[in-house]
Number of protein chains: 2
Amino acid sequence: MDIADFSKRINQTISTLSFGDNPPELYEPIRYIMQLGGKRIRPLLTLLAAHLFADELDHVLLPAVGTEVFHNFSLLHDDIMDKAPLRRGKPTVHEKWNQNIAILSGDVMLVRAYEFFLGVETSKLRKVLTLFSHTAAQVCEGQQFDMNYESSQQVRISDYLHMITLKTAVLLGFSLELGAILNNASENDALLLKNFGINIGIAFQLRDDLLDVYGDSEKFGKQVGGDILADKKTFLLLTALEQATPAQKEVLLKFKSQTVYLPEQKIAEVTAIYDQLQVKAQTQEKINFYFEEAIQSLHAVHAPNERKELLENLALDLMARES
Amino acid sequence: MDIADFSKRINQTISTLSFGDNPPELYEPIRYIMQLGGKRIRPLLTLLAAHLFADELDHVLLPAVGTEVFHNFSLLHDDIMDKAPLRRGKPTVHEKWNQNIAILSGDVMLVRAYEFFLGVETSKLRKVLTLFSHTAAQVCEGQQFDMNYESSQQVRISDYLHMITLKTAVLLGFSLELGAILNNASENDALLLKNFGINIGIAFQLRDDLLDVYGDSEKFGKQVGGDILADKKTFLLLTALEQATPAQKEVLLKFKSQTVYLPEQKIAEVTAIYDQLQVKAQTQEKINFYFEEAIQSLHAVHAPNERKELLENLALDLMARES
């Protein structure tokens, strides 16, 4: 089995899902956002984690997809909050339908996400649902911190790392822990895999921050400097603000008080400060730190090396991606 | 034990709840809406249903409160959708904080509602969560139908009854069924109690429609005729539209095309048509029908009569209320 086989099973499962029919305004948006695609990384992690401990994966598929449904629920509601017009190049649900429908179909998606876990065997049900609920609340906390930080001038690097851990990383950690639990891993192996997921998640988000400034715009698929233009408090900006001389800090902040400026000039000036402070190298170092932590956790798991390699290769693929 | 004792235990439990602390923007709105009060009817029904079958209620309290947390979650999100400024005379969460906080703290409330059920004994956990999830999705469906009906000219009385069943009645039914399950009622008794709750819920909503037009404004605590002014498709309006002569129908609909009219004139003219068609008596008859259905279900439950009387008296109280 290679990763493509696992992906295929996940996509087959997702393509057969029925979330409900009536009223259509409630259920069509769910099918719509679930069919926008994406790499299905979370269910893939669940399957690969379960595969470490046993061949049997049929019972893992629906809970694995539950994490993907929850992830898409959070995207749906985040898009309302962020007033995002597009998701994966298509209109967001609140744009295509309206905001009320987006709120309510998101609510039903969260209920349906829980339902995907209800088939778990009885002896594991409470544990799985407790972990899932804890994770789901953390994801909401991360989103709230993210919104708070938009208007705060007091965000420290540690706050930022805590925020991305909650908003992004813990769900990857749960996805892996879930697969481990479902195929009877030891408690220690389940925690090591959770740790692998959390560290990969942080590394992944920091790489996203880095690519925004230093990525190849064609390969990255987004406008380079988008975070700079939006004054997003990324790891790069927070690092620069912490280390800047008063003169450099003035440059980093001066565009806030200006209503008219050339976007390319703002990107160029901010990037120049980043270059002076070697923010790129510092970010890369931090990414490497979390990635190494992740890989160490994975290596410590008691499972066949050739199965662990599938997870390691997936992690490497994700880190090598440029879009 | 009388109803006040049960209420006291519920209020004590709710007053000790901790939903989380950080970030405060996420958790303060939850404490705020939970402390706005209300009659706590849903947990009261759960406790009274459980009390039919055993004295032990400690293990029922947290799941009972879970239904109240879910109910308040649905109010919080509905208030955003309805752009409601007030809830129980106080600013709604989206008014007091903002809309994004209302969406996100509602999401966490739904997660927390699930957590209240996770302490249920293992052998009942899947059943309780399956029923709760099913009910939660139905409540969302009801809210979507309600929003759809605002702009539809094709709403039949049967559609309306289906909508209020989903939006209001099924959660009352679940609250009762939950109490029955937790104290080991037979499947049949649990279903009878669910049926009792659903029918009480429908009767209760129809009475709300009736009081809007024929209530004593001082006792009702709301402006009489509010539904008429808002063109709400209540049971009264739908009944009148179905039975009106062409001339009467013209009166019922003429205000839609007028931008300027005296509110009291609209209320008086619409109420006059209702009077001509004996809509009040017809609505009262329908309320009695559902109330009788409810009481018959309750009487058929195998439990001590003096305990069933507590539930019957609560239902009578709710039906006699004028606010």
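Residues numbered from 1 in each chain as written. Chains lettered and ligands numbered in written order. Predicted model: local features only at pLDDT ≥ 70, side-chain atom pairs only at ≥ 80, totals over all residues. Heavy atoms only, no water.

**Q** Account for the packing of aromatic side chains, with residues named and values stated.
**A** In this structure the tally under the stated criterion is 23 aromatic pairs over all chains. Look at A:F117 and A:F174: their rings are 6.0 Å apart centre to centre, the planes differ by 70°, and that puts the pair in the edge-to-face class. Taken as a pair, A:F117 in helix α6 (residues 99–117) and A:F174 in helix α8 (residues 157–182) lie far apart in primary sequence, 57 residues in all. Look at A:F174 and you get buried, because its relative accessible area is 2%. On the basis of an interplanar angle of 45° and a centroid distance of 5.5 Å, the ring pair of B:F70 and B:F73 is categorised as tilted. (Phe/Tyr/Trp six-rings, centres within 6.5 Å; stacked < 30°, edge-to-face > 60°. Helix = DSSP H or I, 4+ residues; strand = E, 2+ residues; numbered from the N terminus. Buried < 20%, exposed > 50% of the residue type's maximum accessible area, 1.4 Å probe, protein only.)

**Q** Pulling in residues and values, what's your account of empty space enclosed by the protein?
**A** All names here are of chain B. Tallying each qualifying case throughout the model produces seven cavities of 30 Å³ or more. Taken together, 16 residues form the lining of the largest cavity, with I228, D231, K232, L237 and L252 sitting closest to its centre. Every element with two or more residues in the lining of the largest cavity is listed here: α11 (226–229), α12 (235–243), α13 (246–254) and α14 (263–276). The biggest single contributor to the lining of the largest cavity is α14, with three residues. A breakdown of the residues in the lining of the largest cavity according to their chemical character gives eight nonpolar, two polar and six charged. (1 Å grid on protein atoms, 1.4 Å probe; cavity = no way out; pocket = protein on both sides within 12 Å on 5 of 7 lines; lining within 4 Å. Points joined across faces, edges and corners; volume = space filled by probe spheres on them. Nonpolar A, V, L, I, M, F, W, Y, C, P; charged D, E, K, R; others polar.)

**Q** An account of the state of the cysteines is requested, with residue identities and associated values reported.
**A** On inspection of all chains with the given rule, the structure shows zero disulfides over all chains. No disulfide involves A:C140; its nearest neighbouring cysteine sulfur is the one of B:C140, lying 15 Å away. The buried category is assigned to A:C140, whose relative accessible area is 4%. (Disulfide = S-S within 2.5 Å.)

**Q** If you had to explain unusual backbone geometry to someone new, which residues and values would you point to?
**A** Cis geometry is adopted by the peptide bond preceding A:P23, which originates at A:N22 and carries an omega value of 0°. For A:K83, which is not a glycine, the phi torsion comes out positive at approximately 50°. Position of A:K83 among the secondary structure elements: in the loop between α4 (58–81) and β1 (86–87). Phi angles above zero are rare outside glycine, and B:Q278 is one such case at about 55°. Take B:Q278: it is sitting in the loop between α14 and α15 (279–300). When its relative accessible area of 56% is taken as the criterion, B:Q278 is described as exposed.

**Q** Describe the relation of the copies chain A and chain B, naming the residues involved and giving the relevant values.
**A** The two copies are related by a screw motion: chain A maps onto chain B through a turn of 180° and a shift of 0.0 Å along the axis, at an RMSD of 0.0 Å. Considering both components of the superposition, the chain copies are consistent with a two-fold axis. (Least-squares fit on C-alpha atoms with pLDDT ≥ 70 in both.)

**Q** So what about the domain arrangement of chain A? Which residues, and what values?
**A** All names here are of chain A. For chain A, the assigned domains read domain 1 (1–122) and domain 2 (132–323). Inter-centroid distance (C-alpha atoms) of domain 1 to domain 2 is 23 Å. Of the roughly 2900 Å² buried between domain 1 and domain 2 on both sides combined, carbon and sulfur atoms contribute 75%. At the junction of domain 1 and domain 2, the tally comes to one salt bridge. R307 serves as the salt-bridge partner of D55, at 2.6 Å between the closest nitrogen and oxygen. (Domains from an automatic or database assignment. Buried area = accessible area lost by both parts, 1.4 Å probe. Salt bridge = Lys/Arg side-chain N within 4 Å of Asp/Glu carboxyl O.)

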